[in-house]
Amino acid sequence: MADRAVSEEASMAGHATKLASIPASDNTVWADASPLLEAACRGLRDGELIHGDNFNLFAAMSALEIMDPKMDSGIVCRYYSIEEAIENGAAPIPISLESTIDVQCTIDIMDHLLACEAAWHKGHSLAQTVFSCIYLLRLDRTASHALLHSYCRVIRTTCKAVVSVVSDARTHEEEDLFTMTYGLPLNGDGDEKCLSMLNAVEETISRQLRACKATSSKRRVSEDLEPLQSNTNLEEGLCKALLCRLRFRKHFFHVLTCMKRPQGRGLELARKHIASCILELESILKSAEFLRFCSDEFCEDDIEDKTTASGREPIGFDATLNSRLSAPTPPRAIKILSWKKAVEYFVKLLHDLDVMCSYSLDPHLESLLRFVVQFQKSQPDLVARAHLQLLLVQDGKLYGRDPIFAVITKAAALPEATKNHDIQKNEYIVQLGQLVVNLLKILCTNVAWQRRKLGKILQDWRVIYVQLELAFRNEFGEVSSSSNAENICMKIFQHILIWVEEQTYWIACRFLILGFELDLYSASEYCMVYWYLYAVLIKLAEKTHLKTAFSYDTAKRKGKKKRDSPKDLARESRIPPAVLFLQCYICLAEGLTMMLAALRNEIMVLQSPSPFNTEQEKFVQHFELLQRACIPDHVSYPSFKESTTQARFSTLVMYNYFKDAQRIAKEVKSSFSNDPDRLAELRRLEQVAEHNSVALNLICRVGALDPSLKVSFEFSHHPFFATAIVRRS
Amino acid sequence: MEASSEEKEEKAEFEEAEIEYVSYGGEHHLPLIMSLVDQELSEPYSIFTYRYFVYLWPQLSFLAFHNGKCVGTVVCKMGEHRNTFRGYIAMLVVIKPYRGRGIATELVTRSIKMMMESGCEEVTLEAEVTNKGALALYGRLGFIRAKRLFHYYLNGVDAFRLKLLFPRQELHPSLPMSTNVYAVHENNDLDTT
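Within an unreviewed UniProt entry, the label attached to chain B reads N-alpha-acetyltransferase MAK3, and the organism entered is Herrania umbratica. What UniProt states about chain B under its Sequence similarities (unreviewed entry) heading is, verbatim, "Belongs to the acetyltransferase family. MAK3 subfamily."

The name an unreviewed UniProt entry assigns to chain A is N-alpha-acetyltransferase 35, NatC auxiliary subunit, from the organism Herrania umbratica. Annotation of chain A in UniProt includes, under Subcellular location (unreviewed entry), the sentence "Cytoplasm".

The structure is reproduced here in structure tokens:
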């Protein structure tokens, strides 16, 4: 029916001109459908909707309003196609016939590309950022302009390498927009030679720089070399500005290549290139003053938002040309990062990569977990995190080097030889290995997504524990066997079981703690969170202690020593430092729980009466994933109420948990004298304990019911243990 | 998307009792809702988006009028989601001169009450982590911040998924009916700011 209507319309006068303006191709003939649409509109009343099998109200929400620039990605903003843009001089080659301007504009393009690249890394699509550059979209055109050509090639190759890293590390939707390269010319012949091209250009400019310096000191240089551009006053500054930009790209590409080498073999070399990158970025920043100065269009406007060092708008960019390629989302105007912010981004990225490259690739899982947690505190972006994940997990092995079963046996404090044991073929042990790999990958994702995932995997860790325990019982029953081989098997199982529990509680702790860092808890919920954290920490400490005790036991049974030396006995009876560390946490968690509970019980503060639900619903929601996995057992809202309804300041001051925390922190410091991170943490814990102890005493002295007393909780000394701030109004 | 309620110049003068709350009544309300939302939010919603909500769940959308002028609106839906019957607050807007007086709270409260009476087990929405006003409003109503959504909005801002879980009758045998829980608090001043 539509065809008939269209052909009717097509025969009407006045449409011939409209049709002629849109070129027909082999398979398309254009016809003006406006009259048809108008008739359809007249046939519908307000509020009526066309129904279809696949077009209901829900589907209708995805409808686009044609010609609405926010929704219609086919809208022609300026140019219909890249070719039309080029024909209209949007990306001239050379950029200017005047060599000085050509060089200055080339630098602007380089700067804007850096800003685009940073915007891409930060979460926008490649199509709207780096590939808004017309020169990049038609790279072959630039062949006659060696500088622009080699630079663009390196950009393209770098982007491809980064897309590859992020794709390989793919865990979830965060990477989707980043890796979308559909329709973009990311592959080019000869791209692997891009560095040699860049080197050639760098070499030429270096010689030009030497030549202009020689001329200025009145020494003749017998070189048949043309200067970079025609203005002798600007030659040195422009050469230097170009060189640091070219060198940065070269070193950055090397960083990526080195870090890609398996088993961390290229990390040391990567560090050298990172250092060079940072030096070149410093030079790039310094070049800004000169570039602004020699720009004809010097403007008073705020330079902070500009995407180039010179402050000029770059030539050759149009983000709308790709709008049809960057589907499925309609194009939104995105803000490219300012040039300054882009440089800052790359400096941070390089620092994050440097931290990774300096890591000792410790085979101990416990140390690795602490490293990753510490690393995440600097809030690394996607590209950094993807690199971390690929460093940690390659070919299903830790650092591409250590088989996961070996990692587990080490973590479970089993003797070195255990890593070859046949038990690794057990299906549950294999599954456990997969859980470990999965955990490492999760720990490299952004913390918001990470927390949700950590909550979900608790169930998996609980299940594997149950399955392993069942397998263990089936193998060995209740009676201990006399066979040596079976004894070893039993030992392995026991160690692994304890370690699995320990690891599960560690995950649960992380889940609760991240809630503070992500600001998921309101002050009226702190009490229940600290209480739950306290319950989980107790179990974690218990399992850690058990594991250590077991390992001494196993070492003894292995029997290198015939007799226990006094030192051994003393070591056994002492609480291991790792456990003491946890006990410090436990005291703080308990102290905060009780103080918050007392505040609520006595002063009725931090209550949040809601018209629609009670505290119980909030408890159920916050801890749903933990409860479902029974972590820990016998923990519920009624038991929370039971533990806290009797809290009063009069009793708290007598059983001062904060004083206990202070004492333990002080005691355990000497055991961590070689560990600056843990020492720093202990100092922070001492601060929290001290301030809360003082607050507690103040509240008791003044009297909890004094109306002038205002108590609030802030994270001034520690990211997840709050400090009570007491104010008198 | 939520409209934030910060302190503003040009406050309208009115008594809370002067505000008239009306349930969505038909096509004549649609342009009022659309113009309020379009003016406050940057997302381009087509008319179909509005129709989807108000046609399928007219009882969940409310408008606030002052002297015949529409000053606020809330648009919601509800349905089955992974074995839970759940309400969703899609849009909430109060025009600037009328903010900070409890109108948004009242609009949302009416909608939530309707959801509760319709058998919803929970209510959810997303809000920017920087939208202090919305977070405080929903916090007072019993929502928790269930999840943080990384870079949820196009400007790179994260969002919180806010969730309100209604009490389940079997857990509270001693409590009055859930609708009466609301009634008990009706006399209290819910808007303490």
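Okay, back to it.
For the rest of this paragraph, the subject is the interface of chain B and chain A. Facing 45 residues of chain B, the contacting portion of chain A comprises 40 residues. Buried area between chain B and chain A, summed over both chains or domains, comes out near 3,700 Å², and the portion from carbon and sulfur atoms is 64%. For D519 of chain A, the salt bridge goes to R145 of chain B, with nearest N and O atoms at 3.4 Å. Our enumeration of links across chain B and chain A arrives at seven residue pairs in polar contact (both at pLDDT 80 or more). When residues of the side of chain B that touches chain A are traced back to their parent elements, those giving at least two are α2 (47-56), α3 (103-117), α4 (132-140), β6 (144-149), β7 (159-165) and α5 (178-186) of chain B. Among the elements that line the side of chain B that touches chain A, the one with the most residues is α2 of chain B, at eight residues.

Below, the discussion takes up the sheet that holds strand β2 (residues 397-398) of chain A. Residues and elements named next belong to chain A. Taken in spatial order, the three strands of this open sheet run β1-β2-β3, and their pairing is antiparallel. Either end of the sheet is taken by a strand with one partner, and the two such strands are β1 (393-394) and β3 (402-403). Direction of pairing for β1 relative to β2: antiparallel, over a ladder of two bridges. By the bridge assignment for β2, Q394 is matched with K397.

This part takes up the domain arrangement of chain A. Residue and element names in this part refer to chain A. Entries for chain A in the domain assignment read domain 1 (82-217 + 226-238 + 301-346), domain 2 (361-520) and domain 3 (576-728). On a C-alpha basis, the centroid separation for the pair domain 2 and domain 3 is 29 Å. Domain 2 puts 17 residues into the contact, and the matching count from domain 3 is 15 residues. Counting each side, the surface lost to burial between domain 2 and domain 3 is near 1,400 Å², with a carbon and sulfur contribution of 67%. The tally of links between domain 2 and domain 3 comes to one salt bridge. Where D675 meets R370, a salt bridge forms, and the shortest distance between an N and an O atom there is 3.5 Å. Our enumeration of links across domain 2 and domain 3 arrives at one residue pair in polar contact (both at pLDDT 80 or more). Looking at the side of domain 2 that touches domain 3, the elements that each hand over two or more residues are α14 (365-376), α18 (447-476) and α19 (484-517). With eight residues, the single largest contributor to the side of domain 2 that touches domain 3 is α19. Residue composition of the side of domain 2 that touches domain 3, grouped by class: eight nonpolar, four polar and five charged.

What counts and how
Residues numbered from 1 in each chain as written. Chains lettered and ligands numbered in written order. Predicted model: local features only at pLDDT ≥ 70, side-chain atom pairs only at ≥ 80, totals over all residues. Heavy atoms only, no water. UniProt positions renumbered as here; feature names shortened; annotations may be inferred. Contact = heavy atoms within 4.5 Å. Buried area = accessible area lost by both parts, 1.4 Å probe. Salt bridge = Lys/Arg side-chain N within 4 Å of Asp/Glu carboxyl O. Polar contact = N/O pair within 3.5 Å; in protein donor to acceptor, adjacent residues only side chain to side chain. Helix = DSSP H or I, 4+ residues; strand = E, 2+ residues; numbered from the N terminus. Pairing = 2+ DSSP bridges. Domains from an automatic or database assignment. Nonpolar A, V, L, I, M, F, W, Y, C, P; charged D, E, K, R; others polar.

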